[in-house]
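Architecture and fold: a report
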Amino acid sequence: MYRIIVLSLCLLGISLDAGAQVESCDVTLTYIANEGTLIESSGTKILIDGLHREYRRDYSFLPDSLENRLENGVPPFDGIAVVLVSHVHRDHFEAAAVARFLDKNDQAVLISSPQVIDSVRAAGSTAPMETISLTSTESVALTPHGILTTGVLPHSSARFRWIQNIGHRIDFDSISVLHVGDADINRRNFVESGLVNDPVDVAILPYWYLISGDGRRLIDETIRPGRLIAAHVSPADVEEVRREVAQHYPDATVFGEMLGTTVVIEQKCPDE
Ligand SMILES: [Zn+2]
C-alpha cells in the first residue's frame, strides 16, 4: 500500500541551483561518519544519518571543525535539500545538531520518524519537517530527480524494539540506493517493508551483514544489490573489516575514511 506525498521543494523556498555545483546525473555517495552518507545527483544533496556528534569512541564522528561546517551548511555541505535519519540512537543522530542544521539551512527539510521529529522539536526547532508513517510504505518525490521510499525495518536486538528504525530507498532516474540504519537481519521484515520488491543498485548496510552467514543470505536472496557499501565500522577496525568483507564480497566498498571514501555510480541524464 503506497501513500504518495509530493513535497514541493519550490514551495518550501528551496533553490536547487544554489552554489556553483556541477550538475551531474551520476549518483555520488560520500562517507560522512558511522552510517552517515551524503548522496548527490543532479544538483540535489540528500544527507542520511550524517548529523551526530561525539557519543562513544567506538563510533566514528566528525571532528569539531567539520561538524561545524556541516551544521552551518558550509561547502562541501552547502545546499543540502533533504535530511533523513534512520533512528534516534546517538551514533546516527543528535537532536541538537539537526536543530542547529535546520536553523542555519532554511533550504532543507527533515523527513523522519515521529521519534526523530519529536526529539528535534524538543531541541527547539520550528523548521519544516515531514513525519513519515510507521504503518505503511511511503513515497516522496524529491524534485527534480529521485523518489524517496521509506519503510519500517525493526532495529536489531530485542532491547531496542522500542526504536523506530526507518529504511530509506531512493530511486533516481536509473539508479536506486538503499540505507537500512540498524535494521535487524530478518527476511520477513525486509519483505514487509516493501523496500526490496525490486532489487536495489546500491545497498549501504552495517558491515556485519557482509560477514555473517545470515546477513549474506539476506543480501544475496532478498536485497540483491548490484553494489555493496559496508558502513558502521569502528575507526579502530577499518582494516580488519576490509579484510573480512573482501573474503566474501571483494568488490564491496567499506566506508572508513570520513569524507575520504566516495562512490560514484554513473548514470546518464534523462535527455542524453
Ligand atoms: Zn541503533
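Reference entry: report on the structure contained in this document. On a predicted model such as this, the values are computed, not experimentally measured, just so you know. (Residues numbered from 1 in each chain as written. Predicted model: local features only at pLDDT ≥ 70, side-chain atom pairs only at ≥ 80, totals over all residues. Heavy atoms only, no water.)

Structural notes on the overall build of the protein chain
The helix and strand inventory of the protein chain stands at 7 helices and 15 strands. Whereas a compact globule of 272 residues would reach a radius of gyration of roughly 19 Å, the protein chain reaches 17 Å, a difference of no more than 12%. Dimensions of the protein chain, computed from C-alpha atoms along their principal axes, come out at roughly 45 × 45 × 35 Å. The buried share of the protein chain, taken over its 272 residues, is 56%. For the protein chain, long-range pairs separated by at least 24 residues make up 65% of all intrachain contacts whose partners lie at least 6 apart in sequence. As displayed, the protein chain offers around 11,700 Å² of accessible surface, 48% of which is attributable to carbon and sulfur atoms. Taken as two groups, the 22 positive and 38 negative side-chain charges of the protein chain have centres that lie 5 Å from each other. (Helix = DSSP H or I, 4+ residues; strand = E, 2+ residues; numbered from the N terminus. Rg over C-alpha atoms; globule rule 2.2 N^0.38 Å. Buried < 20%, exposed > 50% of the residue type's maximum accessible area, 1.4 Å probe, protein only. Contact = heavy atoms within 4.5 Å. Areas by Shrake-Rupley, 256 points an atom, 1.4 Å probe, with all protein chains shown as cover. Lys, Arg positive; Asp, Glu negative; His and termini not counted. Charge placed at Lys NZ, Arg CZ, Asp CG, Glu CD.)

Things to note about the pairing of strand E5 (residues 80-84)
Burial analysis of E5 places 5 of its 5 residues in the buried class, which makes it a mostly covered element. Of the strand pairs in this sheet, strand E4 (residues 44-48) and E5 are connected by 4 bridges, and their pairing is parallel. The residue of E5 that forms the bridge with Ile46 is Val82. With respect to chirality, the unit in which E4 leads through helix H1 (residues 64-72) into the neighbouring parallel E5 is right-handed. As judged from the 3 bridges shared by E5 and strand E6 (residues 109-112), these two strands associate in the parallel manner. Opposite Leu84, over in E6, you have Ile111 as the bridge partner. (Pairing = 2+ DSSP bridges. Right-handed = clockwise from strand over helix to strand, strands pointing away.)

Section: the layout of surface pockets
Each pocket or cavity is described by its volume, and for the largest pocket that value is around 270 Å³. Residues that form the lining of the largest pocket fall into these classes: 4 nonpolar, 4 polar and 4 charged. (1 Å grid on protein atoms, 1.4 Å probe; cavity = no way out; pocket = protein on both sides within 12 Å on 5 of 7 lines; lining within 4 Å. Points joined across faces, edges and corners; volume = space filled by probe spheres on them. Nonpolar A, V, L, I, M, F, W, Y, C, P; charged D, E, K, R; others polar.)

Focus: helix H7 (residues 238-248)
When we look at burial in H7, the residues that qualify are Val238, Val241 and Val245. The buried residues of H7 occupy an angular sector of 65 degrees when projected down its axis, which confines them to one face. In H7, the exposed residues that point more than 90 degrees away from the buried face are Arg243 and Gln247. (Arc of directions from axis to C-beta.)

Some words on the coordination of the zinc ion
Octahedral metals with six donors have ideal donor angles of 90 or 180 degrees. Tetrahedral metals with four donors have an ideal donor angle of 109.5 degrees. Coordination sphere of the zinc ion, protein contribution only: His87 (NE2), His89 (ND1), His155 (NE2) and Asp182 (OD), at 2.2 to 2.3 Å. Classification of the site at the zinc ion as irregular follows from its 4 donor atoms and the range of 91 to 166 degrees in their angles at the metal. In primary-sequence terms, the residues that donate to the zinc ion follow H-x1-H-x65-H-x26-D. Here the residue His89 occupies a position in the loop between E5 and helix H2 (95-104), and Asp182 occupies one in the loop between strand E11 (176-179) and helix H4 (187-193), the gap between them amounting to 93 residues. The exposure class of His89 is buried, given its relative accessible area of 14%. (Donors = N, O, S within 2.8 Å, 3.2 Å for Na, K, Ca; no water. Tetrahedral: all angles 85-135°; square planar, octahedral: opposite > 155°, others 65-115°.)

What about the state of the cysteines?
Inspection of the entire model under this criterion finds 1 disulfide. The disulfide that involves Cys25 links it to Cys269, with 2.1 Å between the sulfurs. On the sign convention where negative means left-handed, the S-S torsion of about 100 degrees between Cys25 and Cys269 marks this disulfide as right-handed. Placement of the pair is Cys25 in the loop between strand E1 (2-6) and strand E2 (27-31) and Cys269 in the segment after strand E15 (262-265), with a sequence separation of 244 residues. The class of Cys25 is buried, set by a relative accessible area of 7%. You can call Cys269 buried: its relative accessible area is 19%. (Disulfide = S-S within 2.5 Å.)

What to know about the pattern of salt bridges
Tallied over the full model, the rule gives 10 salt bridges. The salt bridge partner of Arg57 is Glu54, with a shortest N-O separation of 3.1 Å. With a closest N to O distance of 3.0 Å, Asp214 and Arg217 form a salt bridge. Here Arg217 and Asp214 lie together in helix H6 (residues 213-223), a separation of 3 residues that amounts to about one turn. For Arg217, a relative accessible area of 46% corresponds to the partly exposed category. If you follow the salt bridges from partner to partner, you end up with Arg53, Glu71 and Arg100 in one network. (Salt bridge = Lys/Arg side-chain N within 4 Å of Asp/Glu carboxyl O.)

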